[in-house]
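Here is how the chains run, residue by residue.
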Amino acid sequence: MFKEYFDKVVKHYKNARFIWIVSGILFVFAVVYTIANIMSINKKIDEINLHYQTETPMPGNELPGVYKLRKESAFWQSRLAMAKSDSICVTIDLVDSVVCLELQGVVMHSAAIRNYFKSELFEALKPEAILNIIGQPTLVVSHEASFSKDPIKLKKAPKDTAEANAAVVQEVLEQKQAEEEEAKPLYYNLVLNNGVQITFSEEHAEGWKTIPYLLKQKIKTIEKNSIQISKFKLPDYTPSIIIEMTREDAASIFRGLPENASLALRL
């Protein structure tokens, strides 16, 4: 009996020791991960401030009124530059909570922003850097989406019965694909040439399905950062803005964007 009791105590001790060791390792990793991310953010802030600094200082930015007027002027300069293009451009106005598709300065379509979240990095940047970022259009260099960008397809009339039957089968498959796509959360990422990523998603009030996607993106980021930390490198930090809209508005904005679209941002 004593031996059985002793074996249980030893087994319990070994299990407890294993749990404590694992917990300690996870705690140390969490501390290292947090410190590395803070250092990564600070590094990115310094890089952006250095990249967007001007040779001649801009006195007066410390005054809220002056800085506000300069931000307004910079935003309109960016829109004016886009108006010279003969391609559809996009304006993201976080102040008035609206996203517009424009062609040569004329608003072709506008959609309300229901909610948005932006990286705290934008608040930490120098006013001069912010003015230079929003004072010129940026380009969408890549994108990723959970749905089709071109839902409209041109179809040719069938030549014979066999081709007509094949067309019916194809139409059924496309309808099924469209239904599956409708059930998925709607989101898309726009990566800009200045390193900023803008994510559009359906609002949580209607699109609670986007929560698993955002969680998946967070896990993906943690995995990528963990690999870099394990190689004794600071993780890459990507400034981001998440914009929530109705599903219909978000889809229409994405489908109206041409490749390598110009974008003006108002912060």
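Anything mentioned here points back to the structure above.
Okay, so let's go over this structure. (Residues numbered from 1 in each chain as written. Predicted model: local features only at pLDDT ≥ 70, side-chain atom pairs only at ≥ 80, totals over all residues. Heavy atoms only, no water.)

Section: helix α4 (residues 127-134)
Logical step 1: Most of α4 sits inside the fold, with six of its eight residues counted as buried.
Logical step 2: Among all positions of α4, only E128, A129, I130, L131, I133 and I134 are buried. (Buried < 20%, exposed > 50% of the residue type's maximum accessible area, 1.4 Å probe, protein only. Helix = DSSP H or I, 4+ residues; strand = E, 2+ residues; numbered from the N terminus.)

Some thoughts on the packing of aromatic side chains
Logical step 1: This model, assessed by the stated rule, comprises five aromatic pairs.
Logical step 2: Ring centres 6.1 Å apart and planes at 70° place the aromatic pair F75 and W76 in the edge-to-face group.
Logical step 3: On the numbers, 5.3 Å between centres and 65° between planes, the contact of F147 with F254 is edge-to-face. Residue F147 is located in the loop between β5 (138-145) and α5 (161-183), and its partner F254 is located in helix α7 (residues 247-256); the two are separated by 107 residues in the primary sequence. (Phe/Tyr/Trp six-rings, centres within 6.5 Å; stacked < 30°, edge-to-face > 60°.)

Focus on the pairing of strand β3 (residues 106-112)
Logical step 1: Across six bridges, the pairing between strand β2 (residues 98-103) and β3 is antiparallel. Of the residues in β3, the one forming a bridge with E102 is V107.
Logical step 2: The turn linking β2 back onto β3 is made up of two residues, and Q104 within it adopts a positive phi angle of 55°. (Pairing = 2+ DSSP bridges.)

A few points about the pattern of salt bridges
Pairing between side chains of opposite charge can happen when the charged atoms of each approach one another.
Logical step 1: All told, the structure shown has seven salt bridges when counted by the stated rule.
Logical step 2: Ionic pairing is found between D96 and R266, a salt bridge with its closest N-O pair at 3.0 Å. With D96 in the loop between β1 (89-93) and β2 and R266 in strand β9 (residues 262-266), this pair connects stretches of sequence that are 170 residues apart.
Logical step 3: Using a relative accessible area of 12% as the deciding quantity, one classes R266 as buried.
Logical step 4: A salt bridge links E202 to R247, with the shortest nitrogen-to-oxygen separation between them at 2.8 Å. Of this pair, E202 sits in strand β7 (residues 197-202) while R247 sits in helix α7; the two residues are 45 residues apart in sequence, bridging distant segments of the chain. As far as the burial class goes, E202 and R247 line up, both buried.
Logical step 5: Overlapping salt bridges, with partners in common, bring together E72, D93, D96 and R266 in one network. (Salt bridge = Lys/Arg side-chain N within 4 Å of Asp/Glu carboxyl O.)

Things to note about the side chain of N37
Logical step 1: In this fold, N37 is placed in helix α1 (residues 2-51).
Logical step 2: In this structure N37 touches N225 and P235, once residues within four positions along its chain are discounted. (Contact = heavy atoms within 4.5 Å.)

Focus: the nonpolar core
Logical step 1: I92, L125, I198, F200 and I243 are the most contacted members of the largest nonpolar core, which has 42 residues in total.
Logical step 2: The dominant element in this core, judged by the number of residues it contributes, is α4, at five residues.
Logical step 3: Here I92 is in contact with V98, V99, I198, F200, I243, L263, A264, L265 and R266, once residues within four sequence places are set aside. (Core = buried A, V, L, I, M, F, W, Y, C linked by side-chain atoms within 4.5 Å.)

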